[in-house]
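Residue-level structure breakdown
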Amino acid sequence: MLQKWFEIIFDHRISLRERMFRVVTSICMLALIFILPLGRNLVNMLLLAVGLVTMALVVRLSIKKECINRGATIIAVLLLVLFPVSFFTAGGFYSGMPEWFVLCFVYISIALEGRRKGGFFLLCALETLACYYLAFYYPELAARNTQRHSFFDSAVSVIMVGVLTSVMMMFLNKLYEEENELSLQQKKEIEELNEAENHFFASMSHEIRTPINTIIGLNEIILRGDISEEVAENARNIQGASKILLTLINDILDLSKIKSGKMEIVNVSYETGELFSEIVNMIWLKAKEKGLEFRLHVDSSIPSMLCGDEVRIKQVLINLLNNALKYTNEGSITLSARCERLGLNRVRVWYMVEDTGQGVKKESIPYIFNAFKRVDQEKNRHIEGTGLGLSIVHQLVELMGGEISVNSVYTKGSTFIVMLEQDIVDDKELGTFTLASRSRVHEGEQYQKSFEAPEAHILVVDDNEMNLMVVRKLLMDTRVQLDTALSGTECLRKTQEQHYDVILMDHLMPGMDGIQCLHKLRTQPGGLCQSSPVIALTANAGSDNQLLYRKEGFSGYLAKPVSGALLEAAVLSLLPKKLVNLTEEAELSEIGKDILIFEQTQRLSVMVTTDSVCDLPESLRKEFGISVCPYYVRTDKGRFLDEVELKAEELLLHMSEGQNARSEAPGVEDYERFFAEKLTEAQNVIHITMAKHASQGYYNALEAAKSFENVTVLDSGHLSSSLGLIVLYAASMAEKHASKAEIVRLVNELGRYISSAFIINSTHSMCQAGQIPKQTQVICDALLLHPVIELKKSKMVVRGMEMGDFVHMIKHYVRRVFLDARNIDRRILFITYAGLEDRSIAYIQKLVKQYCPFERVYLQKASAAIACNCGSGSFGLLFMKKNEISIDFSQASEPEKGI
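Residues numbered from 1 in each chain as written. Predicted model: local features only at pLDDT ≥ 70, side-chain atom pairs only at ≥ 80, totals over all residues. Heavy atoms only, no water.

Quick look at the overall build of the protein now. Across its full length, the protein holds 27 helices and 28 strands. Here the protein holds 899 residues, and the buried ones make up 51% of them. Within the protein, contacts between residues separated by at least 24 positions form 76% of all contacts whose residues are at least 6 apart in sequence. In the structure as shown, the protein presents an accessible area of about 43,600 Å², 55% of it carried by carbon and sulfur atoms. (Helix = DSSP H or I, 4+ residues; strand = E, 2+ residues; numbered from the N terminus. Buried < 20%, exposed > 50% of the residue type's maximum accessible area, 1.4 Å probe, protein only. Contact = heavy atoms within 4.5 Å. Areas by Shrake-Rupley, 256 points an atom, 1.4 Å probe, with all protein chains shown as cover.)

Next comes the structure, spelled out in structure tokens:
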């Protein structure tokens, strides 16, 4: 029985939680057995025996039913019942029972989990204090015990509690050690498995690319021949399928490297113009064949040379462009690039890929970069791919220390934005540049060789005869003299007998690989090719291998399968010019005619936007570039755009005739259109809304922003010109190139420094808008009460009441607002009003000058959406309280009217 218990305790197939439960419960059951003799009372001993049996049954059932926590709770309750009973029957203080309470604390701390542990721990402490209290003040409750028995019981209890607790700790430590050792062993096995997996993927990539090279190469030879249209169509289908298979292999290989941590970022100097040329050459034809317009927008201020991982940047952009091609059936695809100088030798570059495709649903955007995950599976089931491309892009951008985001409106298109910081190598601006294009063989066009070199000698080294045959056939029309070698040894033998102008070398070959062969070639005694250019032509095609071959001394790198055009271009670039005769047909393609390249208008880093209810002067909005999304005003005659189709004066006149009106926030679709438009002008949009409890605008904007990772929606907690003040501060910071995080932090802090108290002349409009009940309106009108409305925590609250006629009301209100003039920031004041006469405004200005003069006072008419809620004759004095936030408004335009 004991042996079986030990086997269970150290069986790793059983959960650690269950084994710990068994150990601590067994120790507590042993404790009860040792407590039995201390009771010296038949009833108590019987009670302890029943407790032992109950605990055994609870352990058995809780393990069988897999409810360990419930079982541990029941046993904890039993201990809390049995220990106090034994305490009093054994003699209270003068027994060995006090020491056993320690074991109850130990059991609770180990066996229980979650909130129960804290609750029972407190309960056990209270119970212990209660037992001591009763034993001290009511000693008659405890059984009598002799001094001899007391000392003996106490000594035995201390020893037994110490022994049992030590045994418990030893068992638990042993369990933890074994679990830790098992975890380390499993970690080692996982690492070995990952290593084996990576080796498998690399090997499979090499082995699969070799036959694909043969398929694509020989297929291109078929396309070059004089064949029927049916055969040509079949050959083109083979070509397309082979390239799709090749893309899948590359994605799986790259993902494997990223997951294993073996993907390295290697920063090198590269020409930005050449990078864009290569990308366009790869994408333009695909877009044209699909009937899509391809545009390239390049900021001419981008430095001509940067330092970054050119291979990875190119891979990221090509993956994004290919993704756009997949999901766009009509319209256009645009690659944009712009930069922002961070310092003398540092630049931040934004690359944007925009399409007019099907877009992404809001709920799918959080999962768009997950590996093996394709959003909208039903709609996209006919589109090829594994769903790895965007996951690889996301992880590569993170490895390069950059950021990637996506903005998308479902059915309208998507924009992927990549931000990378890079060092400047050549500060000369890129300006306008010419795209270097390569001629291509595509549907409906006959292959044209790019050069002839009958006097040139080329050696191809590969252990696969089929690969040698493919290269020979692809270069056949160039009339070069081509020799082949099946191994590194044969290559070295031939280079001692013949000088070769170019050597194409495979990497992974048995015996002597391509790198070893290259090193021996360079130091070969009597060799005729010590300085000949050598191109790595290999199926070992990880994206980072280009850097490896460059480091090892290769003159170039071509990944199998290679097209005839690329092979010709590589050989042509390395052959001596005197041996080459360029053909007349090798002209540049008309790629430039189909691509729009121009200096793009500089996009802002951050744009601050708001709603039309901000009540800011148009001059300030234009000066700080603040765009507004219009609210709606609904009247008996229809729905009108706030301040666009309906002005406040017209609305108040309409309302004075007894007509109804109410404001409506823009809908989710309105905000989506607004944000999409503004993201064409700025990298990030921060939209500041009216107080969320005063309007639905905040929630609609927040819902719309789910489609755009670069849109941040903030609740100002205010309305009208107090909202405008916050927007003004935020726009001023954006103009000074503050980061998005800094502006968000500022807006969140500013709310508590804004004073936004409005006095309402008549409560009729507020009652009509549902902001106050009808009874309140009747009372206010009868007693000439004018409520002062203030915003607290985004909610409108009544701060006080003014009584009397208009002049009396204004005077008391102005005096109340400026009561604590010492704590007021006197730079800017907005007097925002609805339906006030000129003499009333002049009187307000006079009072302001008397109580608290300001540097700039803006007289601002409330927008129609605000006016319909507050009614005619209402106004507010809106300003900032003194704070530590420093913003310079000295350059802001002067108000049209002021004091």
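On to the nonpolar core. Residues L651, F675, I688, V711, I743 and F830 are the most contacted members of the largest nonpolar core, which totals 71 residues. Among the elements that take part in this core, helix α21 (residues 720–735) stands out by supplying ten residues, more than any other. Apart from residues lying up to four places away in sequence, F830 is in contact with D615, L616, P617, L620, S721, L725, Y858, Q860, G876, L877 and L878. (Core = buried A, V, L, I, M, F, W, Y, C linked by side-chain atoms within 4.5 Å.)

In this section: the sheet that holds strand β27 (residues 856–861). A sheet is described by the order of its strands in space; here six strands give the open sequence β25-β24-β23-β28-β26-β27, paired in mixed fashion. This sheet does not close on itself; its edge strands, each paired only once, are β25 (795–803) and β27. Neighbour to neighbour, the strand axes of the sheet diverge by 20° on average, direction disregarded. The pairing of strand β26 (residues 824–834) with strand β28 (residues 874–881) spans eight bridges and is classified as antiparallel. Paired with A834 across the strands is S874, a residue of β28. (Pairing = 2+ DSSP bridges. Axes fitted to C-alpha atoms, helices over the stretch in contact; angles between N-to-C directions.)

Attention shifts here to the pairing of β25. Pairing geometry for strand β24 (residues 785–792) and β25, over eight bridges, is antiparallel. The residue of β25 that forms the bridge with H786 is E802. Hairpin connection of β24 to β25: two residues between the antiparallel strands, including K793 at a positive phi of 55°.

Attention now moves to the confidence of the model for the protein. For the protein, the mean per-residue pLDDT works out to 81, and 87% of the residues sit at or above 70. Residue range residues 436–444 is modelled with pLDDT below 50. Its contacts to residues more than four positions away, or to other chains, number 20 contacts. The low-confidence segment residues 587–601, where pLDDT is below 50, has 34 contacts with residues more than four positions distant or belonging to other chains. (pLDDT = per-residue confidence, 0-100.)

With that out of the way, let us pick up the environment of T25. Tracing the chain through its elements places T25 in helix α2 (residues 16–39). The class for T25 is buried, based on a relative accessible area of 1%. Along the sequence, T25 and Y107 sit 82 residues apart, while their C-alpha atoms lie 7.6 Å from each other. Here T25 is in contact with M55, V59, I75 and Y107, once residues within four sequence places are set aside. Here the side chain of T25 touches F21 through a polar contact of 2.7 Å, landing on its backbone oxygen. (Polar contact = N/O pair within 3.5 Å; in protein donor to acceptor, adjacent residues only side chain to side chain.)

All right, on to unusual backbone geometry then. Even without glycine at this site, E66 takes up a positive phi of about 55°. With respect to the secondary-structure elements, E66 resides in the loop between α3 (42–64) and α4 (68–90). Phi angles above zero are rare outside glycine, and T411 is one such case at about 75°. Structurally, the position occupied by T411 is in the loop between β6 (403–409) and β7 (413–429).

Tallying each qualifying case throughout the model produces 22 salt bridges. R639 serves as the salt-bridge partner of E664, at 3.8 Å between the closest nitrogen and oxygen. Remark: R639 occurs in strand β19 (residues 638–641) and E664 occurs in strand β20 (residues 661–664); sequence separation between them is 25 residues. Here E649 makes a salt bridge to K861, at a shortest N to O gap of 2.7 Å. With E649 in helix α18 (residues 648–656) and K861 in strand β27, the pair connects residues that are 212 residues apart, well separated along the chain. Each of E340, R346, R348, E421 and D423 takes part in one network of salt bridges that share partners. (Salt bridge = Lys/Arg side-chain N within 4 Å of Asp/Glu carboxyl O.)

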